[in-house]
Amino acid sequence: MDNNIKSPAIQFADDDRVDGIAKVTGRAKYTADQRPDNMVYGVFVTSTIAKGAIKNMVLHKAKDAPGVIEIIHYLNCPEVPGHTPYKKDPAKKGYEWRGLKIFQNNLVHHFGQPIALVVADTWERALHASSLVKAEYITEAFETDFDKLRKDESKLKPMGTYKRGEENAYKKADFYVEAEYDIPIETHNPIEMHATIAVWEGDNKLTVYDKSQGPKGTQSELARNFGLEEKNVRVITEYVGGAFGSGLRSWPHVPAACIAAKMVKRPVKVVLNRRQMFSMVGYRPQSWQWIGIGANKDGKLAGITHHAISNSSRLEDFREGIVNASQYLYECPNVNTSYKILPLDINTPTWMRGPGEASGAFALECALDELAYKMNMDPVELRIRNYATVHPVRKLPWSSKYLKECYETGIEKVGWKNRPAVPGSLKENGMLVGYGMGGGVFGAGRGNAAVKAILSQDGKLVLQSAVSDMGPGTATTMTKIAAETMQMPQQKITFMLGDTDFPPGPTQGGSTTTSTLGGGVSLVCEELKKHLKELAIAHADSFKNMKADELDVKNEKVVAKADAAVTISLTELLQKAGKQQLEIVKESGGPAEASKYAMNSFSAHFVKVLVNPQTGEIKFGKVVVTGDGGRIVSEKTARSQMLGGAVMGIGMALTEEALIDHKTGNYLNNNLGDYHVPLHTDVPEIESWFPNKPDFIINPMGSKGIGEISLIGFASAVANAVYNATGKRIRRLPIKPEIVV
Amino acid sequence: MDQNKDCSGRRDFIKKTTALTALSIVPASLLKAGEKNEAIATFIEKAPLKLEINGKPYSLTVDPRMSLLDMLREQVGLTGTKKGCDQGHCGSCIVHVDGKRVNSCLTLATENNGAKITTIEGLADGDNLHPMQEAFIRHDAFQCGYCTPGQIMSAVACVKEGKANSPEEIKEYMGSNICRCGAYPNIVEAILDVKKSGAKV
């Protein structure tokens, strides 16, 4: 756990990441970098049909290949206790959510499904042998074409409706817009490919190195799968190379590595390849949305109707909050929404950064823009006229909301005043120029987190929690929170994560880490201060007759409030108390006043685009991302996270689209050469801005999350700017040059 | 299908010819199919290789199918160089071979006999970070850190090649390094900073 590798030669600023040196020197150990003794390699064979059954597995060539130790498939896979059929209550509707099973039967549910794992003593040998495994199939007709099938009502599963006021009231408004929006499948594609290394000690003790956003979640799932006590399953996620949602659950390769390691009685390393990153670890589902939105002459919204369909797999019903923001982002008396899913014969989708909200915001924020043009009103003005101060669904005030400040600053920074009133009328150096904006909202949740604090006699403080950090800089932020609470230098604090041997921390997802885990860090530090005060009263003569509330802990000392000269250093105090170290574990929970307030983070994105009128190529003149994330604890890393959201937004808006070949059910562009994530050349200068106003109702730091809002609404800003530049409304992502011209 | 047949025919031919050499040494009649393959493999999967990595000489025996990347990571244990796609798309595996940046996933280990390899582990001078490593920290030019070794090795080469004179030029010459966390603007700033400082790279 070398989070805090410090180089004696260099003094970095307090703002720099605590794991920076580990990351720039190659010392940071990601899952596939771990090398337990005696390790062997597993390579998957995946299905080459989309639906049907395996008739025969031809294994003899692979078995005879050099170095092959075992080939695991449905015929020889030992029973996995957690894979036995789930006893479902037939009276209860709903779906089974116990993870996807692997090697349990001969059924094929999607193209690229793992059907065998070849284990050999080297990776090259396993890879070669995997190419020798052949499967013969009984094929069945399959369905993968979302655009076609979503029109067939009988294939859709309803996932709920919402109604406030009158249905379809938008039609009665002075102005209204009806439009549909399409978003293709997008894949997370973190640069670190998913990997798992499983190590058994005997039959009942399992250690797993895994790329996971929630080591505790992986631990419970593996314990349940293999019938083990949780304490006998240790999950290590020292460094995670991005995930963006793909690591929120354990995909089948995780139990597969464990099954294999148990069978061959050696540690097994399984690393997915880039192709498998498309077919095995989820994606943002394809969606179709229909919006009707109307406003009266006074600029007040009269009605919003929002229908959405997104795809899931045949095995699992995956749903997300695609229509939610339409219900509460703006004040509007009449709102009705519906959401349905379309099961397809492809792999299961999962949450991808800004999950359903990012898809929903594209539709809502583009429709609002269309409405504003129809009304001849500034799109920002339209939003301000319908600014909600009370959550329209829950009828509760917001714990904090500084979205107006985001609008005002965004307008200023992007140069909104230069926006052409008539689309397609402004040119700079031969390029069509347009300005657009779009915003978003996401829950600002806070859950439970347990954190251990260990203060040693040498004055160093170590904090531990079983969380992982996929990149935002969790250890850096937590170190800052601890330093603030303890009022001590952050160089003396180490935050350790990535190991389920630490107290249970939250899964990193849904923009909650700073709030949830930071709340835990803050609480355990407060408790530590309390203990230190008590120790001072009990062991230091100068504090003998004082009460705890007359003391302070700061600058590595216990200090009497009344007389700053009466102090004892923490080091001396622990010595006097005869303690090598002081160790405390505390668990914090949700906000005390959760039922009295609505809690959300908000964003507003502004872009200036330059469109080549001949080629349709879109370049950015200026990008401004603003986000109300409460108080920003770590400005440098928060800025980076906002930039990252904008970059992913550029991909969502302009290039990202996973295509399925409906003749085979396979992904057509399942590699980073053909699935276009933004590159250096696609990314302009990006300015980020935060109101930076604390929200102490949610947590003692006053922080809300920013991971999702940095992306939510971004694609709509681009589409709206392209309209402003060209007069062409693009309602289907990605916005390709050939569609623009 | 036909193509596959062709391929396997060619493969079989190579296998058989190699087997001839191998079997002249091993008493083949005593071995089962799997063992026979294993025996053959002991000859053909062990290619001798001498090279220098981060200033240290190595004398290795490698599987001829092994990429330079896998050799560094799995055989030598230098896991700082990352595998992000194994297809030459992402740039996470970039190392310097005789001073030039190379996608180590696209070159076989055996092609590098006699070469001088520098990986991310060899960039710092003991505890003194390379100026590019320092700049990446100062400019927060990464989040998850996974593409970082490749970005840094590429960035050093970019400056050495004289292609770091403007943000536009840097973006062009860093075009083959993907960062999914989106640290691009910070990476460009870090490289510009190093270039402007005139530090020796």
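What comes next is a walk through the structure.

1. Here's the deal with the overall build of chain B
Inference 1: Scanning chain B for helices and strands turns up seven helices and five strands.
Inference 2: The N-to-C order of helical and strand elements in chain B reads α-α-β-β-α-β-β-β-α-α-α-α.
Inference 3: When burial is assessed residue by residue, chain B has 52% of its 201 residues classed as buried.
Inference 4: Intrachain contacts of chain B at a sequence separation of at least 6 include 52% that bridge at least 24 residues.
Inference 5: With the model as given, the accessible surface of chain B reaches about 9,100 Å², and the carbon-plus-sulfur share is 53%.

2. Some points on the sheet that holds strand β2 (residues 52-58) of chain A
All names here are of chain A.
Inference 1: In spatial order, the strands read β4-β2-β6; together these three strands make up an open sheet with antiparallel pairing. Two strands in the sheet have a free side with no partner beyond their single neighbour: β4 (107-108) and β6 (134-139).
Inference 2: Sheet analysis places β2 next to β4, joined by two bridges and oriented antiparallel. Opposite G52, over in β4, you have V108 as the bridge partner.

3. Details of the packing of aromatic side chains
Inference 1: Per the counting criterion, the structure on display carries 12 aromatic pairs over all chains.
Inference 2: Between Y30 of chain A and Y146 of chain B, the ring centres sit 5.1 Å apart and the planes meet at 90°, which makes this aromatic pair edge-to-face. In this pair, Y30 of chain A is assigned in the loop between α1 (20-25) and β1 (40-46) and Y146 of chain B in the loop between α4 (131-138) and α5 (148-160), connecting two distinct chains.
Inference 3: Y30 of chain A gets classed as buried once you look at its relative accessible area, which sits at 2%.
Inference 4: Aromatic pair W416 of chain A and F606 of chain A: ring centres 5.7 Å apart, planes at 90°, arrangement edge-to-face. You can see W416 of chain A sitting in the loop between α11 (403-414) and β16 (427-428) and its partner F606 of chain A sitting in strand β25 (residues 600-611), a full 190 residues away along the chain.

4. Some points on the interface of chain B and chain A
Inference 1: The interface of chain B with chain A comprises 61 residues on the first partner and 69 residues on the second.
Inference 2: Taken together, both faces of the contact between chain B and chain A bury some 5,400 Å²; the carbon and sulfur share is 56%.
Inference 3: For the pair chain B and chain A, the number of links is eight salt bridges.
Inference 4: When the shortest N-O distance is used, the salt bridge between E38 of chain B and R125 of chain A registers 3.0 Å.
Inference 5: The dominant element in the side of chain B that touches chain A, judged by the number of residues it contributes, is helix α7 (residues 184-197) of chain B, at six residues.
Inference 6: Taken together, the residues of the side of chain B that touches chain A break down into 22 nonpolar, 20 polar and 19 charged.

5. Quick look at the pattern of salt bridges
Inference 1: Throughout the structure, instances matching the rule amount to 51 salt bridges over all chains.
Inference 2: Its salt-bridge partner being R314 of chain A, residue D345 of chain A comes within 2.9 Å of it at the nearest N-O pair. Here R314 of chain A lies in the loop between β14 (301-313) and α8 (324-328) and D345 of chain A lies in the loop between β15 (335-344) and α9 (355-375), a separation of 31 residues in the sequence.
Inference 3: Between E556 of chain A and K492 of chain A there is a salt bridge, with the nearest N and O atoms lying 2.7 Å from each other. With E556 of chain A in the loop between β21 (551-554) and β22 (557-560) and K492 of chain A in the loop between α12 (474-486) and β20 (493-496), this pair connects stretches of sequence that are 64 residues apart.
Inference 4: With a relative accessible area of 31%, K492 of chain A lands in the partly exposed category.
Inference 5: The network of salt bridges with shared partners includes D121 and R125 of chain A together with E38, E45, D63 and R65 of chain B.

6. Let's talk about the state of the cysteines
Inference 1: According to the stated counting rule, one finds zero disulfides over all chains in the structure shown.
Inference 2: Left unpaired, C77 of chain A is separated from the closest cysteine sulfur, that of C258 of chain A, by 11 Å.
Inference 3: Just so you know, C158 of chain B is unpaired, no disulfide at all, and the nearest cysteine sulfur is the one on C147 of chain B, 15 Å from it.

7. Details of the environment of D14 of chain A
All names here are of chain A.
Inference 1: Mapped onto the elements of the fold, D14 is located in the segment before α1.
Inference 2: Along the chain, D14 and G616 lie 602 residues apart, while their C-alpha atoms are 45 Å from each other.
Inference 3: Other than its neighbours up to four places away in sequence, D14 contacts K480, Q490 and Q491.

8. Quick look at the sheet that holds strand β11 (residues 233-236) of chain A
Backbone-to-backbone hydrogen bonds pair the strands of a sheet. The strands run either parallel or antiparallel.
Residues and elements named next belong to chain A.
Inference 1: The sheet built from seven strands is open, its strands ordered β3-β5-β1-β12-β9-β10-β11 with mixed pairing. This sheet does not close on itself; its edge strands, each paired only once, are β3 (68-73) and β11. Direction aside, neighbouring strands of the sheet carry axes that sit 20° apart on average.
Inference 2: Where strand β10 (residues 205-210) lies against β11, four bridges are found, and the strand directions are parallel. Note on β11: the bridge partner recorded for L206 is V233.
Inference 3: The strands touched by helix α3 (residues 123-132) within the sheet are β1, β3 and β5 (114-120), with β1 carrying the most contacts at an inclination of about 20°.

How each quantity is defined
Residues numbered from 1 in each chain as written. Chains lettered and ligands numbered in written order. Predicted model: local features only at pLDDT ≥ 70, side-chain atom pairs only at ≥ 80, totals over all residues. Heavy atoms only, no water. Helix = DSSP H or I, 4+ residues; strand = E, 2+ residues; numbered from the N terminus. Buried < 20%, exposed > 50% of the residue type's maximum accessible area, 1.4 Å probe, protein only. Contact = heavy atoms within 4.5 Å. Areas by Shrake-Rupley, 256 points an atom, 1.4 Å probe, with all protein chains shown as cover. Pairing = 2+ DSSP bridges. Phe/Tyr/Trp six-rings, centres within 6.5 Å; stacked < 30°, edge-to-face > 60°. Buried area = accessible area lost by both parts, 1.4 Å probe. Salt bridge = Lys/Arg side-chain N within 4 Å of Asp/Glu carboxyl O. Nonpolar A, V, L, I, M, F, W, Y, C, P; charged D, E, K, R; others polar. Disulfide = S-S within 2.5 Å. Axes fitted to C-alpha atoms, helices over the stretch in contact; angles between N-to-C directions.

Shape descriptors only; they carry no functional weight alone.
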